[in-house]
Amino acid sequence: MDEKKALAELLFPNVTQTPDDLEKLFPPRKLPEGARVTRFAPSPTGFLHIGGLFAALISKLNAQMTNGIFMLRIEDTDKKREIEDGVSEIIRGLEAFGVTPDEGVMGFNKEQGNYGPYTQSKRAGIYHVIAKSLVEKGFAYPCFCTEDELSALREQQEKEGALIKGYFGKWAKCRELTFEQQKKLIEEGRPYTLRLRSPGNEDKRITFVDLIKGKIEMPENIQDIVLLKTDSIPTYHFAHAVDDHFMRTTHVTRGDEWISSVPTHIQLFSVCGFKAPKYAHISPIMKEENGSKRKLSKRKDPEAAVTYYAEEGFPKESVLEYLLTLANSNFEDWRRANPDADCSEFPFNLKKMSVSGALFDLTKLTDVSKNVISKMSAEKVLAYALDWAEKYDEKLYSLLSRDKEYSKAIFSIDRGTAKPRKDIAKFSEIGAYVSYFFDEEFDTDLSELPQNLSKETVIKILEAYAASYEQAKDNSEWFEHMKELCEPLGFTPNVKEYKKNPGLYLGHVGDVSSVVRVAVTGRKNTPDLFSIMTVLGKERVLNRLNAAIKKLS
Ligand code: GLU
């Protein structure tokens, strides 16, 4: 038996499968021509960053556009970074925004698909088959260097001013151990990592085309990177090559912090005998602060966590719509041309992604969301508001659920028209938005009355209106009534006329309706007053008019 084979046997005595067996177990997928297989591969930290949701969305769209497959893989090889059941939190986060996988990890301890397991900690056997084959081919070797020896190496390189630092070439002392030496150390039970024997050349460069960033040229990898740690758990690099090959990923979309590792990854794919996937590196989502840009930070920015949007009550449609504006700069033009189309119809294109990092802007999200909510039906707004309030606002929940028809009527005001009002950006604003519809939340507040009218005049308006109050059947009948009130009270029904001869009148019909509006709602600006009064009903309106008169008298 040749020495490489003997070493492989010594290191992996229990591994009996070969890479060919794995090729058969995980054969190329039978998908239509051009279908892309993508994945989101988070560590189970229990925290889903908005940038993670963004990356997942991009991966999903990329697959969806081509009738491909979007997978969720859990990368739990870094025990330090995990929290107990950090997986559920991530899945919940994705689900809340509809970015659900077609395959892979679907829930806590729940997987779906023929290319799994999709959780790295369950794939040790697979990594070891490939690791063994690399040893056989001479592309991997055990390294017995201790932490202390590795720090001494770093110090030495510092001291000598080595241009390239790390474990490679002449510095990689375990690279040159003879089989006899390796055997002896293994049999002694010395801990070791498994390292790549890099075939890279310091003077060579590689080029690759990143689907977002374009053509990139970098030096070849020469580092003998660790493939398996001392506990024989793979490093990210090795797991990435093995997983994305055997899961038949065609497109790797991931954060651009990995871009500098691409030469290593391409080399790993090559020594393993795998075809490398296409890469698309996403720039981080940025935030503008004091005139400069920085990454949206988990520590400093509450809006970095996807849970923030749920807590604030932004509907998932708004967040997705907004993320699409960040993803492709032509999304907004598309939206203008297709105001009612579903987001999933947007022809997303990886190539149109920002190279420098999209700027996250909560004000913009708020505007997008107002627009999105303005187009929802009253039923949907009520259902969403109830869902939100049930979790975050008990009082609002009880108000809205008491009489759902009444609540729905509130949300129907000015909705379903060509120009719906854009008052609500998030469900946490709804409590304030609806409060005057509920007597226990309404307090006669007359501070917004028109300043130009005396108390006596206001009382006269309210008395005249209350005395002649009749539930109007439509807006124009209601407005006619307002106009009829004007002349006997010294007002004009004609605004233009008032502007011509202001001295002849106490005010115009707008002032009269303002008085009524403030008495009935406590506010100067509201949606259509006729509709509001219709929802409130005659009794409640009269009570409020009388309460205002009493307060002023
Ligand atoms: N687990 C890696 C991360 O957390 C995944 C990178 C990738 O998508 O390949 O960033």
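Scroll up to find the structure this text is about.
Residues numbered from 1 in each chain as written. Predicted model: local features only at pLDDT ≥ 70, side-chain atom pairs only at ≥ 80, totals over all residues. Heavy atoms only, no water.

### A short note on the sheet that holds strand 14 (residues 359–360)
On the basis of which strands lie adjacent, the open sheet formed by 3 strands has the order 13-12-14 and mixed pairing. Each end of this open sheet is capped by a strand with a single partner; those strands are strand 13 (292–295) and strand 14. Note: strand 12 (residues 286–289) against strand 14, 2 bridges, orientation parallel. Across the sheet, the residue bridging to Met-286 is Leu-359, located in strand 14. (Pairing = 2+ DSSP bridges. Helix = DSSP H or I, 4+ residues; strand = E, 2+ residues; numbered from the N terminus.)

### What about the side chain of Arg-517?
Topologically, Arg-517 is positioned in helix 21 (residues 509–521). Of the side chains with opposite charge, Asp-528 comes closest to the buried, unpaired Arg-517, at an N-O distance of 6.8 Å. Ignoring anything within four residues of it in the chain, the contact list for Arg-517 reads Gly-522, Arg-523, Lys-524, Asn-525, Thr-526, Pro-527 and Leu-529. (Buried < 20%, exposed > 50% of the residue type's maximum accessible area, 1.4 Å probe, protein only. Lys, Arg positive; Asp, Glu negative; His and termini not counted. Salt bridge = Lys/Arg side-chain N within 4 Å of Asp/Glu carboxyl O. Contact = heavy atoms within 4.5 Å.)

### Topic: the site of the ligand
All residues in the neighbourhood of the ligand are listed as Arg-39, Ala-41, Ser-43, Glu-75, Tyr-236, Arg-254 and Trp-258. Contact between the ligand and Ala-41: a nitrogen atom at 2.8 Å from a main-chain N or O atom of the residue. Between the ligand and the protein, one listed contact pairs an oxygen atom with a side-chain N or O atom of Trp-258 at 3.3 Å. Compared with its free state, where it exposes 290 Å², the ligand has 84% of that area covered by protein. Partitioned by chemical class, the residues of the shell around the ligand number 3 nonpolar, 1 polar and 3 charged. (Near = heavy atom within 4 Å. Polar contact = N/O pair within 3.5 Å; in protein donor to acceptor, adjacent residues only side chain to side chain. Areas by Shrake-Rupley, 256 points an atom, 1.4 Å probe, with all protein chains shown as cover. Nonpolar A, V, L, I, M, F, W, Y, C, P; charged D, E, K, R; others polar.)

### With respect to the environment of Tyr-236
Inspection of the secondary structure assignment puts Tyr-236 in helix 8 (residues 236–246). Residue Tyr-236 is classed as buried on the basis of its relative accessible area of 18%. Contacts of Tyr-236, omitting those with residues within four sequence positions, involve Arg-39, Glu-75, Arg-254, Trp-258 and His-265.

### Considerations on the pairing of strand 10 (residues 251–255)
On any regular strand, side chains alternate: one points to one face of the sheet, the next to the other face. Counted residue by residue, strand 10 has 4 buried out of 5 residues, so it is predominantly covered. Relative to strand 11 (residues 278–282), strand 10 runs parallel, the two sharing 5 bridges. Residue pairing across strands places Gly-255 opposite Ile-282, the latter belonging to strand 11. Each parallel crossover has a hand, and the one from strand 10 via helix 9 (residues 262–272) to strand 11 is right-handed. (Right-handed = clockwise from strand over helix to strand, strands pointing away.)

### Remarks on the packing of helix 18 (residues 455–468) against helix 21
When two helices pack together, their arrangement is given by the angle between their axes and by how far apart the axes lie. Where helix 18 contacts helix 21, the axes come no closer than 10 Å and their chain directions differ by 80°. For the element pair helix 18 / helix 21, the angle class is roughly perpendicular. When helix 18 is examined against helix 21, the residues Val-458, Ile-461, Leu-462 and Tyr-465 are found in contact with a partner set consisting of Val-512, Val-515, Val-516 and Ala-519. A class-by-class count of the residues in the contact of helix 18 with helix 21 yields 8 nonpolar, no polar and no charged. (Axes fitted to C-alpha atoms, helices over the stretch in contact; angles between N-to-C directions. Parallel < 35°, antiparallel > 145°, perpendicular 65-115°, else oblique.)

### Things to note about the sheet that holds strand 6 (residues 193–196)
Strand order across the open sheet formed by 3 strands is 5-6-9, with antiparallel pairing between neighbours. A strand with exactly one partner marks an edge of an open sheet, and here the two such strands are strand 5 (140–143) and strand 9 (226–228). Ignoring strand direction, the axes of neighbouring strands in this sheet form an average angle of 45°. Taken together, the 2 bridges between strand 6 and strand 9 define a ladder with antiparallel strand orientation. From the neighbouring strand, Arg-195 faces strand 9, where its bridge partner is Val-226.

### A closer look at the nonpolar core
By size, the foremost hydrophobic cluster in this structure holds 173 residues, and its most contacted members are Ile-130, Phe-238, Leu-400, Phe-411, Ile-430, Val-434 and Phe-437. Take this core: its biggest share by element is 9 residues, from helix 3 (residues 50–64). Look past the residues within four positions of Ile-430 in its chain and what remains in contact with it is Val-381, Ala-385, Leu-396, Leu-400, Phe-411 and Ile-424. (Core = buried A, V, L, I, M, F, W, Y, C linked by side-chain atoms within 4.5 Å.)

### Some points on the packing of helix 14 (residues 378–392) against helix 16 (residues 404–412)
With their axes 8 Å apart at the nearest point, helix 14 and helix 16 run at an angle of 115° to one another. Every pair of crossing elements has a handedness; the one defined by helix 14 and helix 16 is right-handed. Along the contact surface, helix 14 presents Ala-378, Glu-379, Val-381, Leu-382, Ala-385 and Leu-386, while helix 16 presents Lys-404, Ser-407, Lys-408, Phe-411 and Ser-412. Taken together, the residues that form the contact of helix 14 with helix 16 break down as 6 nonpolar, 2 polar and 3 charged. (Left-handed = near helix turned anticlockwise from the far one by under 90°.)

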